[in-house]
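Chain by chain, the residues:
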Amino acid sequence: MGNSQAFPRTARVTSAGEYRRVFQNSQCKSSDRWLTVLALGNGLGHARLGLAISRKAEKTAVGRNRVKRIIRESFRHHQDELNAWDLVVIARPGVAAQSRSALQAALAKHWTRLQRTCVES
RNA sequence: GGAGUCGGCCAGACAGUCGCUGUGGCGUAAGCCAUGGAGGAAAGUCCGGGCUCCAUAGGGCAGGGUGCCAGGUAACGCCUGGGAGGCGUGAGCCUACGGAAAGUGCCACAGAAAAUAUACCGCCUACGCGCUUCGGCGCCGGUAAGGGUGAAAUGGUGCGGUAAGAGCGCACCGCGCAGCUGGUAACAGGUGUGGCAGGGCAAACCCCACCCGGAGCAAGACCAAAUAGGGGAACAUUGGCGUGGCCCGCGCUGUUCCCGGGUAGGUCGCUCGAGGUGUCCGGCGACGGACAUCCCAGAUGAAUGACUGUUCUCGACAGAACCCGGCUUAUCGGCCGACUCCCCUU
């Protein structure tokens, strides 16, 4: 994996089937008013990230891109602390109105909470 | 200096660190190096084309679109130039701007009457009654000048004419028709002629002219786990079934021969193009031509971001998804050019 800050394609949930697997069998869940994170062990030895930002959650493409970038950035910085899970982050209406720093703080909380409550997979 | 009209342009800049992605090079590989990486609207999907498949797309009907003229274009509902009408002191701007003496239909309220025409108040002669006359009443009629209604009332103004009036006659204006002149044309000008044809609505049906096959990159082509629905070619074309909205037409079902199939997933399509830039030539212009030069996103859970620093005018609307040409809508600020009106100074 080389650099621990990198975010290559292997660290992403890519296919529709993998998304379905996480949605249907998720073992753990951490959520607040704006974001929900689902987790499911993947047996790969590293974590992978998937994003589910619907048109309903944010109307404009620019807003959705912004939310995705913030989440990816946070995942990139925290992936070393995470177990071998497939994580799917779901956004809810109103996320785009939140500031970058607020979302980053919320995400950091989600990562540590999952790490604490969902150790065995 | 102020107010305004038209056209064009920019869409924070620079540096460092971390990260994503296309291409090229090196490397067994991990990776490293170089280089490219959202918009003027990428948007709405409202038009037009390319491309792909469907069925050979041909004919007719139906349906839809466009609508002053000419040109540009691959094409257009776009653009350019011109005409007509309207608005503005002006630079300029706006216009579904063909046909209502083909047909059908509609025209609230008010008004006598809204299109077959007609006559409410009026105006006027003759006749009768009454009467000294003027005038009055009744009545056969003649009128459409005046009043009143309305968004709109059967050409307008003036003079003549008349009982009163009337294109009844004349002049000018308007309108129709026929020549003429200019213009490719729309149209304009002018001449003669007709006494006037007879309201509006065609974003009501309609008529006329021109145009339009359907579906869309989740098109479509290829490689292929699973799992067992079939597929292709030739022949025949009666019946049955299906197929653009319908008909003609066309396809399937039938017989024979041949054969592995094609969902998850992947690859291609996928970016060199009606391409950009510069110079010259043709054209009032849209645009066209020649030469030179450049390669300028191609992702696929979907990349172009984060942090720090410096600086300024403190940064709007907003994110490519097959590709182009338009239109429309959103948008913080700012810059450039041409022109108009008003004021001041010399």
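Remember, it's a predicted structure, so these values are computed and weren't measured experimentally. (Residues numbered from 1 in each chain as written. Chains lettered and ligands numbered in written order. Predicted model: local features only at pLDDT ≥ 70, side-chain atom pairs only at ≥ 80, totals over all residues. Heavy atoms only, no water.)

1. A short note on the overall build of chain A
Logical step 1: Within chain A, the regular secondary structure consists of 3 helices and 4 strands.
Logical step 2: Starting at the N terminus and walking to the C terminus, you meet the elements of chain A as α-β-β-β-α-β-α.
Logical step 3: In terms of overall dimensions, chain A is globule-like: its C-alpha atoms have a radius of gyration of 13 Å, near the 14 Å expected for 121 residues.
Logical step 4: Counting only C-alpha atoms, chain A reaches 35 × 30 × 25 Å along its principal axes.
Logical step 5: Within chain A, buried positions represent 40% of all 121 residues.
Logical step 6: Put simply, of all contacts in chain A between residues at least 6 apart along the chain, 79% involve residues at least 24 apart. (Helix = DSSP H or I, 4+ residues; strand = E, 2+ residues; numbered from the N terminus. Rg over C-alpha atoms; globule rule 2.2 N^0.38 Å. Buried < 20%, exposed > 50% of the residue type's maximum accessible area, 1.4 Å probe, protein only. Contact = heavy atoms within 4.5 Å.)

2. Notes on the side chain of Gln 79
Logical step 1: With respect to the secondary-structure elements, Gln 79 resides in the loop between α2 (61-78) and β4 (85-91).
Logical step 2: Note on Gln 79: relative accessible area 12%, which makes it buried.
Logical step 3: Only 3.4 Å separates the side chain of Gln 79 from the backbone oxygen of Arg 76, close enough to count as a polar contact. (Polar contact = N/O pair within 3.5 Å; in protein donor to acceptor, adjacent residues only side chain to side chain.)

3. A word on helix α3 (residues 100-117)
Logical step 1: A rise of 1.5 Å per residue sets the reference length of α3, with its 18 residues, at 26 Å; its end C-alpha atoms lie 26 Å apart and thus fit the reference within 8%.
Logical step 2: Restricting attention to buried positions, one finds in α3 the residues Leu 103, Ala 106, Leu 107, His 110, Trp 111 and Leu 114. Buried residues in α3, looked at end-on, bunch into an arc of 140 degrees, giving them a common side. Set apart from the buried face of α3 by more than 90 degrees, the exposed residues are Ser 101, Lys 109 and Arg 116.
Logical step 3: Taken together, the buried residues of α3 touch β1 (28-31), β2 (35-41), β3 (48-52), α2 and β4. (Expected span 1.5 Å × (residues − 1). Arc of directions from axis to C-beta.)

4. Observations concerning the nonpolar core
A general tendency of soluble globular proteins is for nonpolar side chains to be buried together.
Logical step 1: If you look at the biggest cluster of nonpolar residues, it comprises 28 residues, and the most contacted ones within it are Leu 35, Leu 49, Ile 71, Phe 75, Leu 87, Val 89 and Trp 111.
Logical step 2: Secondary structure elements with two or more residues in this core: β2, β3, α2, β4 and α3.
Logical step 3: Once you skip the residues sitting within four places of it in the chain, Trp 111 turns out to touch Val 37, Leu 49, Ser 74, Phe 75, His 78, Leu 82, Leu 87 and Val 89.
Logical step 4: The next biggest cluster of nonpolar side chains, apart from the first, holds 6 residues, and it includes Val 13, Tyr 19, Val 22 and Val 88. (Core = buried A, V, L, I, M, F, W, Y, C linked by side-chain atoms within 4.5 Å.)

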